[in-house]
Amino acid sequence: MNDKPTTCGFCSCGCALYVEPRKSGLGIAGLCPSTTHPVSTGRLCIKGWNATASLVRMDRLQTPLVRKGDELQPASWEEAFAFTVDALKRVMDASGPESVGIIGSAKTTNEECYSLVKFARSILCTPNLDGACRFYDASLIPALLDTVGVAASQVDVESLANAGSMLIVGANVMEQLAHIGSRIQDAVENGCNVVAADPRKSRLAPQARLFLHPKPGSDLTWVRALLKTIFDRKLYVDTAPQMPGFEELRASLDDVVMGVLPQVCGIEPDAIAEAAALLAEKKPCVVMFGLGVLQQQDSTLLVKALVDVALLLGGSVMPLRGQNNAQGACDMGVLRGYLPGYQPIDSAEARAKWEAAWGCSISPQAGLSAVDMVQGGVKALLVFGENVALSAPNTERTLSALENLDFLAVSDLYLTETAQLADVVFPACSFLEKDGTFTSIGRRVQRVRKMIDPVGQSKSDLEIIAGLASAFGKQITADPAAVMAEIAANVPMYAHCSYEQFETGWGEPWRAEAATSRLAPIPATDLQPEDPDYPYQLIASRINFHTQTGTMASRCGILTREYPESVVELNPSDAEKLKLRPGRVVQVSSKAGSLTRRVAVSDAVPQGCVHVPHYFGGDSANMLADYVCDPVSGVPIYKGLPVKIEAVS
Amino acid sequence: MNVGDKLILRKSNVSDFFSSLQGEMQLIAPKKRFAGDVVFDVVNSPEEIVWEYGHDIYPPGKRYIFPHYEDMFSYRRGEQISIDVAAEAPKQAIVAIRSCDVTAVRFQERFFSTPIVDPFYKARAENTVLFSLVCNEPPKKECFCICCDGGPYLETGFDVQLTDLGDRFLYEIGSEKGLRASEPRQQYLEPSSEQDIAERKRIELHADSLFQTASYIAKAIIYITSDEVPDEVWEELGSTCFRCAACTNLCPICTCYTVDDRPEPDGSFTRCRSWDSCQYAGFTREASGHNPRPTFGSRVKRRFYHKASFQYIMRDGRHGCVGCGRCVSSCLTKLDLPSVVKKIRRAMHDYIEPKSRPTAFLQ
Amino acid sequence: MSTEVKTPTLTGAKPRNMWGVTGVPTGNLYVPMPAVIEKIIVETPDTKTFRLRLEDPKHAEWFTWEPGQFVELSVFGAGEAPIGFASSPLERSWFELTIVNRGKVTGLMHELKEGDRVGIRGPLGNCWPLEAIKGKDILIISGGCGLAPLRPAILYILANRQDYGEFWLLYGARTPADINYKYDLVEWEKRDDFHVLQTVDVGDESWTGNVGVVTTLLDQVKLDAANAVALTCGPPIMIKFATLALVKMGFSEDRVVTSLERYMKCGVGKCGHCCVNHVYLCTEGPVFTYAQLQEFPETRA
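Sequence order sets the numbering: in each chain, residues are counted from 1 along the sequence as written. In the order they appear in the text, chains get letters beginning with A and ligands get numbers beginning with 1. Under the rules for a predicted model, residues below a pLDDT of 70 receive no local features and side-chain atom pairs below 80 are neither given nor counted, while totals for whole chains, interfaces and linings still include all residues. For the side-chain quantities, the full set of heavy atoms in the structure was used; hydrogens and water were omitted.

1. Notes on the interface of chain A and chain B
Accessible area lost on assembly of the parts is the figure often given for the size of an interface.
Thinking step 1. Taken together, the contact pairs 52 residues of chain A with 44 residues of chain B.
Thinking step 2. Of all residues in chain A, the largest losses of buried area upon contact with chain B belong to A:W49, A:R203 and A:R561, amounting jointly to 17% of the total for that side.
Thinking step 3. For the salt bridge of A:K23 with B:E88, the shortest nitrogen-to-oxygen distance reads 3.4 Å.
Thinking step 4. What qualifies as a polar contact is a pair of N or O atoms within 3.5 Å, subject to a donor-acceptor requirement within protein and to the restriction that residues adjacent in sequence count only when both atoms come from side chains. Where chain A packs against chain B, one counts 31 residue pairs in polar contact (both at pLDDT 80 or more).
Thinking step 5. Strands here are runs of E lasting at least two residues and helices are runs of H or I lasting at least four, both read from the DSSP assignment and numbered beginning at the N terminus. Of all the secondary structure elements, the ones that give two or more residues to the side of chain A that touches chain B are β2 (16-21), β3 (28-33), α1 (46-54), α6 (178-189) and α21 (557-562) of chain A.
Thinking step 6. The element contributing the most residues to the side of chain A that touches chain B is α6(A), with 7 residues.
Thinking step 7. Its residues placed into classes, the side of chain A that touches chain B shows 23 nonpolar, 16 polar and 13 charged. Contacts are assigned to residue pairs that have any heavy atoms within 4.5 Å of one another. When two parts are put together, the accessible area they lose, computed with a 1.4 Å probe and summed over both, is reported as buried area. What counts as a salt bridge is simple: a side-chain nitrogen of Lys or Arg found within 4 Å of a carboxyl oxygen of Asp or Glu. Under the grouping applied here, Gly and all other residues not named as nonpolar or charged are polar, the nonpolar ones being Ala, Val, Leu, Ile, Met, Phe, Trp, Tyr, Cys and Pro and the charged ones Asp, Glu, Lys and Arg.

2. Some details on the domain arrangement of chain C
Residue and element names in this part refer to chain C.
Thinking step 1. Per the domain assignment, the segments making up chain C are domain 1 (9-124) and domain 2 (137-259).
Thinking step 2. In this entry, domain limits derive from an automatic or database-based domain assignment. One C-alpha centre belongs to domain 1, the other to domain 2; they are set 24 Å apart.
Thinking step 3. Taken together, the contacts link 20 residues of domain 1 with 19 residues of domain 2.
Thinking step 4. Around 1400 Å² of area is buried between domain 1 and domain 2 when both sides are counted, 61% of it from carbon and sulfur atoms.
Thinking step 5. Along the contact surface separating domain 1 from domain 2 lie 1 salt bridge.
Thinking step 6. For the pair domain 1 and domain 2, the number of links is 6 residue pairs in polar contact (both at pLDDT 80 or more).

3. What to know about the layout of surface pockets
Thinking step 1. Within this model, the second largest pocket holds a volume of roughly 710 Å³.
Thinking step 2. Taken together, 29 residues make up the lining of the second largest pocket; nearest its centre are A:K23, A:A29, B:Y69, B:E88 and B:R124.
Thinking step 3. Of all elements in the fold, only β2 and β3 of chain A together with β3 (38-42), α2 (60-65) and β4 (69-76) of chain B reach the threshold of two or more residues within the lining of the second largest pocket.
Thinking step 4. Looking at which element gives the most residues to the lining of the second largest pocket, the answer is β4(B), with 5 residues.
Thinking step 5. In terms of residue class, the lining of the second largest pocket is made up of 11 nonpolar, 7 polar and 11 charged.
Thinking step 6. Shared between two domains, the lining of the second largest pocket takes at least three residues from each, and those domains are domain 1 (6-208) and domain 2 (217-362) of chain B. Using a 1 Å grid laid over the protein atoms alone, points where a 1.4 Å probe fits but cannot get out form a cavity; open sets with protein on both sides within 12 Å along at least 5 of 7 lines form a pocket; any residue with an atom within 4 Å of a point counts as lining. Grid points are joined across faces, edges and corners, and a volume is the space filled by probe spheres set on the points.

4. As for unusual backbone geometry
Thinking step 1. Each neighbour pair has its own omega, and for B:T114 with B:P115 the value is -15 degrees, a cis peptide bond.
Thinking step 2. Omega for the bond connecting C:G122 with C:P123 falls within 30 degrees of zero, at 0 degrees, which places this linkage in the cis form.
Thinking step 3. Here C:P123 shows up in strand β6 (residues 117-124).
Thinking step 4. In this structure, A:T41 takes a positive phi of about 35 degrees despite not being glycine.
Thinking step 5. Locating A:T41 in the fold gives a position in the loop between β3 and α1.
Thinking step 6. Within the chain, B:D149 stands out as a residue other than glycine whose phi angle is a positive 55 degrees.
Thinking step 7. Relative to the elements of secondary structure, B:D149 occurs in the loop between β7 (128-133) and β8 (160-164).

5. Things to note about the sheet that holds strand β22 (residues 585-589) of chain A
Residues and elements named next belong to chain A.
Thinking step 1. Two strands qualify as a pair provided that DSSP identifies no fewer than 2 bridges between them. Spatial strand order, β20-β24-β21-β23-β22-β25: 6 strands in a closed barrel with mixed pairing. Strand-to-strand twist of the sheet, defined as the mean angle between neighbouring strand axes without regard to direction, takes the value 45 degrees.
Thinking step 2. In this structure, β22 lies alongside strand β25 (residues 642-647), joined through 4 bridges in antiparallel fashion. In the strand pairing of β25, V588 is matched with I645. Think of each axis as a best-fit line through the C-alpha atoms, taken over the contacting stretch in the case of a helix, with angles from 0 to 180 degrees between the N-to-C directions.

6. Quick look at the domain arrangement of chain B
All names here are of chain B.
Thinking step 1. Split by domain assignment, chain B resolves into domain 1 (6-208) and domain 2 (217-362).
Thinking step 2. Put simply, the middle of domain 1 and the middle of domain 2, counted by C-alpha atoms, are 27 Å apart.
Thinking step 3. Counting residues at the interface gives 41 residues for domain 1 and 42 residues for domain 2.
Thinking step 4. With both sides pooled, the region where domain 1 packs onto domain 2 buries about 3600 Å², and carbon together with sulfur makes up 59% of that total.
Thinking step 5. For the domain 1 face of the interface with domain 2, the top three residues by lost area are Y75, F107 and F144, together amounting to 19%.
Thinking step 6. For the pair domain 1 and domain 2, the number of links is 4 salt bridges.
Thinking step 7. Between R326 and D101 there is a salt bridge whose closest N-O contact spans 2.8 Å.
Thinking step 8. The interface formed by domain 1 and domain 2 holds 27 residue pairs in polar contact (both at pLDDT 80 or more) in total.

7. Some thoughts on the packing of helix α3 (residues 110-124) of chain A against helix α18 (residues 461-471) of chain A
Residues and elements named next belong to chain A.
Thinking step 1. Contact pair α3 / α18: the axes reach a minimum separation of 9 Å and the direction vectors enclose 20 degrees. In terms of their interaxial angle, α3 and α18 are classed as roughly parallel. The handedness of the crossing between α3 and α18 is left-handed. Between α3 and α18, the contacting residues are E111, E112, S115, L116, F119 and I123 on the first element and D461, L462, I465, L468 and A469 on the second.
Thinking step 2. Across the contact of α3 with α18, the residue classes tally to 7 nonpolar, 1 polar and 3 charged. Throughout this description, any angle smaller than 35 degrees is read as roughly parallel, any larger than 145 degrees as roughly antiparallel, any in the 65 to 115 degree range as roughly perpendicular, and the remainder as oblique. Handedness of a helix crossing follows the sense of rotation of the near helix relative to the far helix, less than a right angle counterclockwise being left-handed and clockwise being right-handed.

8. Things to note about a nonpolar patch on the surface
Residues and elements named next belong to chain C.
Thinking step 1. A cluster of nonpolar side chains, namely I237, F241 and L244, defines an oily patch on the protein surface of about 300 Å² accessible area.
Thinking step 2. One can find I237 in helix α5 (residues 236-249).
Thinking step 3. The class of I237 is exposed, set by a relative accessible area of 55%. What goes into a patch is any residue over 30% in relative accessible area without a salt bridge, connected to like charges within 9 Å or, for nonpolar side chains (Val, Leu, Ile, Met, Phe, Trp, Tyr), within 5 Å. In this description, accessible areas are obtained by the Shrake-Rupley approach with a 1.4 Å probe, and a residue is regarded as covered only by the protein chains that are shown. Residue burial is assigned from relative accessible area. The probe radius is 1.4 Å, only protein chains are included, and a residue is buried under 20% of its type maximum, exposed over 50%, and partly exposed in between.

9. Things to note about the pairing of strand β21 (residues 567-570) of chain A
All names here are of chain A.
Thinking step 1. Along β21, one buried face is formed by V567 and E569 and the opposite face, lined by V568 and L570, is buried too.
Thinking step 2. In the sheet, β21 pairs with strand β23 (residues 594-601) via 4 bridges, with the strands oriented parallel. Looking at the pairing, E569 lines up with A600 of β23.
Thinking step 3. As judged from the 2 bridges shared by β21 and strand β24 (residues 609-613), these two strands associate in the antiparallel manner.

10. Some words on the pattern of salt bridges
A pair can form between side chains of opposite charge whenever their charged atoms are brought close.
Thinking step 1. Counted under the stated rule, the structure contains 69 salt bridges over all chains.
Thinking step 2. A salt bridge links B:R200 to B:E204; the nearest nitrogen and oxygen atoms lie 2.8 Å apart. Remark: B:E204 and B:R200 occur in helix α6 (residues 194-208); sequence separation between them is 4 residues, near one turn of the helix.
Thinking step 3. The exposure class of B:E204 is buried, given its relative accessible area of 7%.
Thinking step 4. Overlapping salt bridges bring together A:D3, B:K31, B:R33, B:D41 and B:E48 as one network.

Put into structure tokens, the structure is as follows:
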């Protein structure tokens, strides 16, 4: 067994675990959690216990692949790098660096993210750099930067148990982030008032003092009502009126009409009053929200509204981001319009600093978002560690746009749906096979340590980026410690980080206090009009046994055994109305696409809604979404989509 | 030298003693890890052994005899099927293992040999000798072995039992296997005095008085045996389960496993068994989709039926808990044995009047 | 303490389950014996019967089994699945397994051809109480692929017809296309010492027989419940209703015998998957009387 732990790569909780390599052949022989780590504390979730073993499998990519004719064929690393650089140079010579795009991942290490940013900004000099967070949670970035000033959770996992009240909106947290779910249970045991809001009754229900079931897509309406109630009943903390934006916020809520709540949201005004009272009763208040909020229409505004709730009650916010390095990837600047450390690219001062650090000239353009890039906004695309074919909306349209690219390079563990369309595929290492750091949801920068040898000829993304740089005749180091030293020197929030310091203990979270918080005004927005052709609303949720597009978890026997087949869940009354018995195969379709599932009935699903859990690979509920995005953040709307259900014979 | 001997191993001789033992078998002992963690592992020299440690969450007795992932055999497909049984059973001494884990190893030894003998377990168990270490005080606040006949010291069932008496260990030989491991190293052992035995007795009494977690398992056994606990109680308990299965993975007694055929880079396959859990829905789901234990509650009930029912006591010779406290420290919610036992007892007060409490099986 | 393998009272004979008693010819009870697929019979669109012969004569000589027992079938490259014997126990040189395609192992099995090799561990479990019920009237109720584990018992009884009284078979399938062993049923229906009644849940144009669940056929059965034994096997819901109906007809609880099905891995009482309460189906079952099942609250669901 390795003497030092690594950090689990399945969610953002960031557990430390020890791994015993298998003596011969692929795989691992055992693993156990650290008992002293502040989050894992001797515990792991189902993914940590099981999926780790399945990372090392025979169907992992063994060698680089290069498209020759219609086929991807094994190639050497030199060949793959040269092929890529030739193709990129060809595209850039013809159409300029704006014709190249890069999509990074929230699964790779901080060092890899940083180096990818450096590669994109200083070697390719393209403005088109974005993270896969654009498909998940990017709407929290502008919302939090505008309000609390820090695009991160203000709370760490271990202190959640001390919360006095919690508002948890649109997050299947008990299944998706088990350690946070566990701390919520601890808090409840300590007397915490939990107010949950989710269209569907989730496994949070036993913990919730009050569980609101708003209609999908109607969150902004009831959150505005909640804000209004906090004002009207003067439930805000004494310091709130001094906060910038207090009066503007109050004024923006003048048009709130409590009477519309039952019809618009399916919530009684009394319930909002009760929620406000419960949240204000005990301090500190923590407001949490997940993809249910972050992928809704007007998500940026909705996040701001939830931040306002927290600020008025003197509390803090915790966005529930799922991916293991969601925080770190954004900190490192794998984000449209930002340089590392959330320095805006349109700031000449910020650009000058990084131009000096990297010895290059940085384009002031914000560039295209990942959503624009996969729609064909670029001619050549490099994708690192994200299966965009499944995470982007409208799968059919995405696939054809990816096929139409002049050049697509993909770095991944497996031959994903995206990699199958690529011209070059780089076999990447899993987190067990490389060194680096992940930043957890609690902002703790934690070491990822190499536990086993890389599978086949696979390389870490850092080595791949370094290899590409070198094929361009430039230099990027493949030494993670050296990269971290550069990060620490240039990104203020990581100034305390070094590989020597990581050896001394679990480390402290980077500091999240901002100078001043600001309340944002929350104007009303138009509700999505109802469409009689698509009378049902889609609830797409994440489940315990799955991460993202299923590239890793779908290969784990225990996890697939737990959830062998995705279903579409209906309220029993809807199933009766549609004359659908459990087990019947139906087609769920929206204007963008359709998918086929068996019917299951569940009281947890409200009337008029269908629940499609995200499934392991194959087809994804995302294919029902279209390229309709939140206007501020550009995150596609995946939640509350209008759909119809038809039986398939 | 005989089984039953109580000897003294001076701490100044510990290193030489175990170096000598290391010549015959690999030493597995608590080893220092990162930031205060201790996990058992093969040690290169006796100096690496951490004698003063709390508790290893990864049960060493189970892990080194019934491994987390164990290769059973490998095979190649082709015209003929060639099968290669690659059962590994290294000679090993597990040093400084806690009493509860020794009790659990005895439980598993019995389970894996009754009525049918598991060849892989048997081979490893035969090559393993346990040098257990008495807990002078409960290593963790979660420990409740005292309620479950698991520790903190053993009367029987150990191979060699060590008690820390300050500058020396009391060295008790409890089995033929322990005797065989001791005899070649007689020069490091000396007779014990009456004071040593008295000191040992004092430590026992002191340790017994320090336990913070209690589990009155007997009463829960009565309720579970007679199947009187209403399903609603089980479902309420199950409603908080995260299905991580740490409770069964880390339980030193749990024996369930699953089997997978894994492809290897050389084109062969390995049939591998790995720990499985009755807390997974997929554990019992049949190919047809039918699941005899479809709810969280039914699975939690299953686990406690196996841990604490007279039916299983009859089969296994004891109830299925040694009080090591691992389920307490590893559960993401509060479905550990002491908590559930307590909840069952409390719930039963609500459900039945005293006069109708089940006593049938006691009569 | 109870270390011996319990046998159902009615079963009488000790199951000839050789594990741990005389040792296994492979030397390790987890290591399968290679067997060759001699013949494949397509029963229904998703069901095939495989005739297997153990490759090593030493294995074949050692290998004897009773109706109701099962084997762990290794499909190399996929894994193992428990499958009941489906052929006549009197045939010693080969045996048949009827396999529904619905999983990784059975899926790959369905892709195999005659001449391909699989692995066999067994025989496992206990057996139908064919000795103990001699002289009794026999009523067999089965549904869908539940006929497979009863077929050895039927073939055995037919071969020793004089030892048994009245003999009835009620068989229900989902649709006419889902009926297994059509070739047997045709022959059996011709016999006048064997009453065979069939039904389907949903008929088609060509189906002229009964339509409805299998328990609806019980009205047509003329038997003295006091001197009869019922053997049942099929989906859990069918077993449940059949048992209730039989008890209502006057069958005592120890005269209703059923074979249970559970997810299973090891077959030797170790892996824990098949446990029903405190009983390991693989070593102490799968055949139980209804009276015995009363002791296992978990089977009530």
